[in-house]
Amino acid sequence: MSRKRTWQSLLSGAAVVIGATALLPVVAPAQQAREVKVALIAPLSGPWARQGDLVKKGAEMAIEDINNAGGIKALGGAKMKLVVADAGDSAEKAKNAAQRLVAQEPDLVGGEGVWLSSFTLAVTEVTERAELPWLTLSYSDQITNRGFKYVFQTSATADVQSELALPTIMKLAESTTGKRPTTTAVIQDNTAAPVSFMKPMRGGGFEKAGLKVVADEIYTPPLSDATPLVAKVRTARPDFLWVISTNVPDDSLILQKLTEMGLSASRFPVVGNGAHFGAPELLKVAGADVMNGMLITLANWSNKSQQKLIDEFKKRTGEPWLTQDSLCDYGHLWIIKEALEKAGVADRRKVAEAIRAMDTREGAAQYFAGGHIKFDEKGRRVDAPLVIIQWQNGEPVTVYPPQDATAKAIWAIK
């Protein structure tokens, strides 16, 4: 009888517990989901800090949009969290930042950066050893020439841009002026991307195009005085000039000195390479009169099909336009998001596999020129095209390729 009463008590208690449990609220999958961490390394201090700021703004907006749209649905609505590190002003500092990030954040599933190719080369030595998938807009061919398996380059490489840029610029000059240029000059810094960009031209490209290089000046950034460089260009009197630098202060010094010496881009054709030439900061420090007419070759820029995104970016950030830096890094986070959806697990190796297998013209592809996301065996985006923008009326606008153009290219604005 004693045992019977004991069992009755136990059963009665169990019923109470079960009944109470049934009254508890059901936890939704989204409430159970954990954060998924992704890394961003960018130069947030030093001479490239402005570009780093634009990169960060694009990445932060992507994280906000992804999370507001429900996060990673394949992971129960897990939210993406951006872990940011400052690359500083040297490749060594950038590498140290990557080492700290990898050590302190073992649950990272992917990352992006570092903007400057020299920094990206250093950082990806670290991320590759950690088997951390890394997306970059940096141009240098060396980045994806090392046999790495976890680095993905979304921009056309410097060699490809260089090979496309010279004939495209020559055709633009000829179609506008009725004659083909025969002489050119170069002012270039010695960091990885400019060296890589100019290599095909120096290796026979100029000669093949029928161009004689009448002045060829290379300097180490940051630049303190552009006078000696520009003086040699003015003396040589080329048909047009390449300015291949990597930071806004140097851009401003060179362009202001060109204007001061009667070689303003509005009257004398100047061609640059890289999104920093389209940074709003450059307009502030150099002025519209100095910038107007300059042509810039690059890998990506906002176009007429992205007007909704452009308007939203301007509203949220206060920036006057959407640059390549912000646009690419916005797109990179969407690539990682889509890879996570495909992988179905927050595992960096599975995410890398999903990126390697990606072949789409939808989703993240809309944020990259050419509208196609697919990577070859080296990690280079297949068919990544050349884009050309030009400063017109105080704003850089897309003038090439024609299907994305918001304005017509002009060889020199009189």
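Residues numbered from 1 in each chain as written. Predicted model: local features only at pLDDT ≥ 70, side-chain atom pairs only at ≥ 80, totals over all residues. Heavy atoms only, no water.

Asks: Can you walk me through the overall build of the chain in this structure?
Replies: Secondary structure summary: the chain contains 14 helices and 14 strands in total. Principal-axis analysis of the C-alpha atoms places the extent of the chain at approximately 115 × 40 × 35 Å. Going through the 414 residues of the chain one by one, you find that 56% of them count as buried. In the chain, once contacts between residues fewer than 6 apart in sequence are set aside, the share between residues at least 24 apart is 69%. Accessible surface computed for the chain: about 17700 Å², of which carbon and sulfur atoms make up 53%. Where the 48 positive side-chain charges of the chain centre and where its 45 negative ones centre are 4 Å apart. (Helix = DSSP H or I, 4+ residues; strand = E, 2+ residues; numbered from the N terminus. Buried < 20%, exposed > 50% of the residue type's maximum accessible area, 1.4 Å probe, protein only. Contact = heavy atoms within 4.5 Å. Areas by Shrake-Rupley, 256 points an atom, 1.4 Å probe, with all protein chains shown as cover. Lys, Arg positive; Asp, Glu negative; His and termini not counted. Charge placed at Lys NZ, Arg CZ, Asp CG, Glu CD.)

Asks: Sorry if this is basic, but what is going on with helix α9 (residues 248-260) here?
Replies: For an α-helix the count is 3.6 residues per turn, leaving residues at separations of three or four pointing the same way. In a regular helix each residue adds 1.5 Å, so 13 residues correspond to 18 Å; α9 covers 18 Å between its end C-alpha atoms and thus fits that length. When we look at burial in α9, the residues that qualify are Val248, Asp250, Asp251, Ser252, Ile254, Leu255, Lys257 and Leu258. The N-capping residue of α9, defined by a side-chain oxygen 2.9 Å from the backbone nitrogen of Asp250, is Asn247. Of the residues trailing α9, Gly262 is marked for its positive phi of about 80°. (Expected span 1.5 Å × (residues − 1). Polar contact = N/O pair within 3.5 Å; in protein donor to acceptor, adjacent residues only side chain to side chain.)

Asks: How do you make sense of the packing of aromatic side chains when you look at a structure like this?
Replies: Centre-to-centre distance and the angle between the planes together describe a pair of aromatic rings. All told, the structure shown has eight aromatic pairs when counted by the stated rule. Look at Phe152 and Phe375: their rings are 5.3 Å apart centre to centre, the planes differ by 65°, and that puts the pair in the edge-to-face class. Separated by 223 residues along the polypeptide, Phe152 in strand β5 (residues 151-153) and Phe375 in the loop between β12 (373-374) and β13 (387-392) bring together distant segments of the chain. Of the residues examined, Phe375 reaches a relative accessible area of 6% and is grouped as buried. Sitting over the face of the ring of Tyr150, Arg356 holds its NZ or CZ atom 5.0 Å from the ring centroid. (Phe/Tyr/Trp six-rings, centres within 6.5 Å; stacked < 30°, edge-to-face > 60°. Lys NZ or Arg CZ within 6 Å of the ring centre and 35° of its normal.)

Asks: So what exactly am I meant to see when it comes to the packing of helix α13 (residues 324-343) against helix α14 (residues 348-357) here?
Replies: The angle between the axes and the distance between the axes are what describe a pair of packed helices. Running from N to C, α13 and α14 point in directions that differ by 105°, and their axes come no closer than 8 Å. As the angle between them shows, α13 and α14 are arranged roughly perpendicular. Residues Ile335, Ala339, Leu340, Lys342 and Ala343 of α13 touch α14, and the partners they reach there are Lys350, Val351, Ala354 and Ile355. A class-by-class count of the residues in the contact of α13 with α14 yields seven nonpolar, no polar and two charged. (Axes fitted to C-alpha atoms, helices over the stretch in contact; angles between N-to-C directions. Parallel < 35°, antiparallel > 145°, perpendicular 65-115°, else oblique. Nonpolar A, V, L, I, M, F, W, Y, C, P; charged D, E, K, R; others polar.)

Asks: Whenever I open this one, the pairing of strand β8 (residues 240-244) confuses me. Can you help?
Replies: The side chains of a regular strand alternate between both faces of the sheet. Taking burial as the measure, the five residues of β8 include five buried ones, the bulk of the element. Relative to β8, strand β6 (residues 183-189) runs parallel, the two sharing five bridges. Along β8, the bridge assignment pairs Val186 with Trp242. Sheet topology places β8 next to strand β9 (residues 270-273); three bridges connect them, and they run parallel. For Trp242, the partnering residue across the bridge sits in β9 and is Val271. The handedness of the β8 to β9 crossover, carried by α9, is right-handed. (Pairing = 2+ DSSP bridges. Right-handed = clockwise from strand over helix to strand, strands pointing away.)

Asks: Honestly, the environment of Lys73 in this entry has me stumped. Any pointers?
Replies: With respect to the helices, strands and loops of the structure, Lys73 is situated in the loop between α3 (49-68) and β2 (80-86). C-alpha separation for the pair Lys73 and Glu92, spaced 19 residues apart in sequence, amounts to 38 Å.

Asks: Explain the sheet that holds β9 here, please?
Replies: One open sheet holds the seven strands; their spatial order is β7-β6-β8-β9-β10-β13-β14, and the pairing between them is mixed. Edge positions in the sheet fall to β7 (212-219) and β14 (395-400), since each has one partner strand and no second. Strand after strand, the sheet turns through a mean of 25° between neighbouring axes, direction not considered. Pairing of strand β10 (residues 295-298) with β13 involves four bridges; the strand directions are antiparallel. In the sheet register, Leu298 faces β13, and the bridge partner there is Val387. Along the sheet, helix α8 (residues 227-236) contacts β6, β7 and β8; its crossing angle with β7, the most-contacted strand, is approximately 175°.

Asks: Which parts of the structure should I look at to understand the sheet that holds strand β3 (residues 110-113)?
Replies: By definition, the strands of a sheet pair up through backbone hydrogen bonds, in either a parallel or an antiparallel sense. Strands sit in the order β2-β1-β3-β4-β5 across an open sheet of five strands; the sheet is parallel. Whereas interior strands pair on both sides, the edge strands pair on one side only; in this sheet they are β2 and β5. Across the sheet, the mean angle from the axis of one strand to that of its neighbour is 20°, orientation sign disregarded. In the packing of helix α5 (residues 117-129) onto the sheet, contacts are made with β1 (36-42), β3, β4 (134-136) and β5, and the angle to β4 comes to roughly 165°.

Asks: Looking at this model, I keep getting lost on the pattern of salt bridges. Mind explaining?
Replies: Applying the stated criterion across every chain, the model contains 21 salt bridges. Glu60 is the salt-bridge partner of Lys56, the closest N and O atoms lying 2.8 Å from each other. Of this pair, Lys56 and Glu60 both sit in helix α3, four residues apart, which is roughly one turn of that helix. Arg380 is paired through a salt bridge with Asp141; the nearest N and O atoms lie 3.9 Å apart. (Salt bridge = Lys/Arg side-chain N within 4 Å of Asp/Glu carboxyl O.)

Asks: Help me out: how do you make sense of the nonpolar core in this one?
Replies: A general tendency of soluble globular proteins is for nonpolar side chains to be buried together. Within the largest apolar cluster, 64 residues are counted, with the highest numbers of intra-cluster contacts made by Trp242, Leu255, Leu258 and Met294. If you tally residues by element for this core, the top one is helix α6 (residues 158-177), at seven residues. Discounting chain neighbours no more than four positions away, the residues touching Trp242 are Ala165, Leu166, Ile169, Thr184, Ala185, Val186, Ile187, Phe197, Met201, Phe206 and Val271. (Core = buried A, V, L, I, M, F, W, Y, C linked by side-chain atoms within 4.5 Å.)

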